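In case you want the letters, here they are:
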Amino acid sequence: MPLTDGPVTLLVVDDEEPIRNALRKFLTQQGYEVVTAAGGEEALEILQRQRITGMLLDVNMPGITGVELVPQIMEIEPAIALLMLTAVNDATSAALCMQRGAFDYLIKPIDLGHLGRAIHQALRRRHTQLEGQQINQWLKDEVAARVAERRLEQANQERISVATLEALVNALEAKDPFLRGHSARVADLSAMVAAQIGASDEQIEAVRTGGRLHDIGKIGIREEILNKQGPLTPEEFEHVKQHVTVGSQILAPLVHLGEVIGFVRSHHERWDGTGYPDRLRGEAIPLGARIIGAVEIYDALTTARPYQDRMPPEHAVERIRDMVGTVIDPEVHRALESVVSQRQALVFLDDVRV
Ligand SMILES: [Fe+2]
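So, how was this worked out
Residues numbered from 1 in each chain as written. Predicted model: local features only at pLDDT ≥ 70, side-chain atom pairs only at ≥ 80, totals over all residues. Heavy atoms only, no water. Patch = residues over 30% accessible without salt bridge, like charges linked within 9 Å, V, L, I, M, F, W, Y side chains within 5 Å. Areas by Shrake-Rupley, 256 points an atom, 1.4 Å probe, with all protein chains shown as cover. Salt bridge = Lys/Arg side-chain N within 4 Å of Asp/Glu carboxyl O. Helix = DSSP H or I, 4+ residues; strand = E, 2+ residues; numbered from the N terminus. Expected span 1.5 Å × (residues − 1). Polar contact = N/O pair within 3.5 Å; in protein donor to acceptor, adjacent residues only side chain to side chain. Donors = N, O, S within 2.8 Å, 3.2 Å for Na, K, Ca; no water. Tetrahedral: all angles 85-135°; square planar, octahedral: opposite > 155°, others 65-115°. Buried < 20%, exposed > 50% of the residue type's maximum accessible area, 1.4 Å probe, protein only. Pairing = 2+ DSSP bridges. Right-handed = clockwise from strand over helix to strand, strands pointing away.

## Here we look at a nonpolar patch on the surface
Piece 1. Where nonpolar side chains cluster on the molecular surface, the patch consists of I135, W138 and L139 and spans about 330 Å² of accessible area.
Piece 2. Tracing the backbone through its elements, the reader meets I135 in helix 5 (residues 112-174).

Right under this line is the structure:
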């Protein structure tokens, strides 16, 4: 709302023509633009179509009275400098008008010198009010801009922290030719399985992030055990199992990851409740963790390992069918099976095209 909006236009509303004319003459001499109305309805019409800065309003008029008019005026032009004109015996109505938003009232017969000062004062108060509103708006805009900036900064930092951890996982896996690309594959396939189950876009992305980070805890596992060829001793296995708790501890400060941290912690839980680290059972295991756990087994079977050849996808799905109900959630297995067969169909089509 501009504070200086060209010439100041005043609207004089009075049912008595001589008063309207006298006021118009005086106010025009004072440098104001003046429009007049003989009653409430006409005044409202003028307010609707024209920018009015200040208004002199007779309290006592036939038809809509000044008192009734004030709320309607304030609704159309909330910042208007409104002065009431009232008879000596009607100070109560004038006070009521001021309660409803009028700035001041003048008692008839009107002393023109007093009127000039009152209008000037009312316009100054209007100006101050508008200035206050403008400062408030400016402050609100400024705060909103800062909040948006801070959010953007925070989102960037969050992205960077996850990207750094992903880079760490990649570096860890790159050292082992059998593990290279494992987490990236688990992430992509897990996201597809989540989509197949009907998860929301947000959940799918959480599962993808969980897949990328699920083995971050292996950073804390002794290298000679990680790289050991052949079976682990029970003690070594206990040590390897710690990668899920270490992983969730590493991620814990990244509060924005939310449920992803649970996916990492619980991806070795089993459907029958005999997994680790918390022996969660069935649907108490977060869905993302159930998906990542099943997909991790699938990925281990379908990539070459020192002790095993690469297994074709359809065999791997069949092999893990034996784990449904004990290790793997039946619903997750169904989704995995259908994602794998869709992928196989695409590979087949590609082969035919070649
Ligand atoms: Fe794992």
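Alright, that's what it looks like, and here's the rest.
## Here's the deal with helix 5
Piece 1. Over its 63 residues, helix 5 runs 92 Å from end to end, which matches the ideal 93 Å to within 8%, given 1.5 Å per residue.
Piece 2. Between the side-chain oxygen at the start of helix 5 and the backbone nitrogen of G113 there is a gap of 2.9 Å, and the oxygen is on D111.

## So, the coordination of the iron ion
Piece 1. The protein atoms that coordinate the iron ion are D215 (OD), H243 (NE2), H267 (NE2) and H268 (NE2), at distances of 2.2 to 2.5 Å.
Piece 2. Here the iron ion binds four donor atoms, and the angle range of 84 to 173° at the metal identifies the geometry as irregular.
Piece 3. Here the donor residues for the iron ion map to a single chain with the spacing D-x27-H-x23-H-H.

## Let's talk about the pairing of strand 3 (residues 54-58)
Piece 1. Taking burial as the measure, the five residues of strand 3 include five buried ones, the bulk of the element.
Piece 2. A two-sided burial pattern is seen for strand 3, the buried positions comprising G54, L56 and D58 on one face and M55 and L57 on the other.
Piece 3. Bridge analysis of strand 1 (residues 9-13) against strand 3 gives four bridges, and the strand direction is parallel. Looking across to strand 3, one finds that L11 is bridged to M55.
Piece 4. Summarising the sheet, strand 3 and strand 4 (residues 81-86) pair through five bridges and their orientation is parallel. Looking across to strand 4, one finds that L56 is bridged to L83.
Piece 5. Regarding the hand of the β-α-β motif, the stretch spanning strand 3, helix 3 (residues 66-76) and strand 4 is right-handed.

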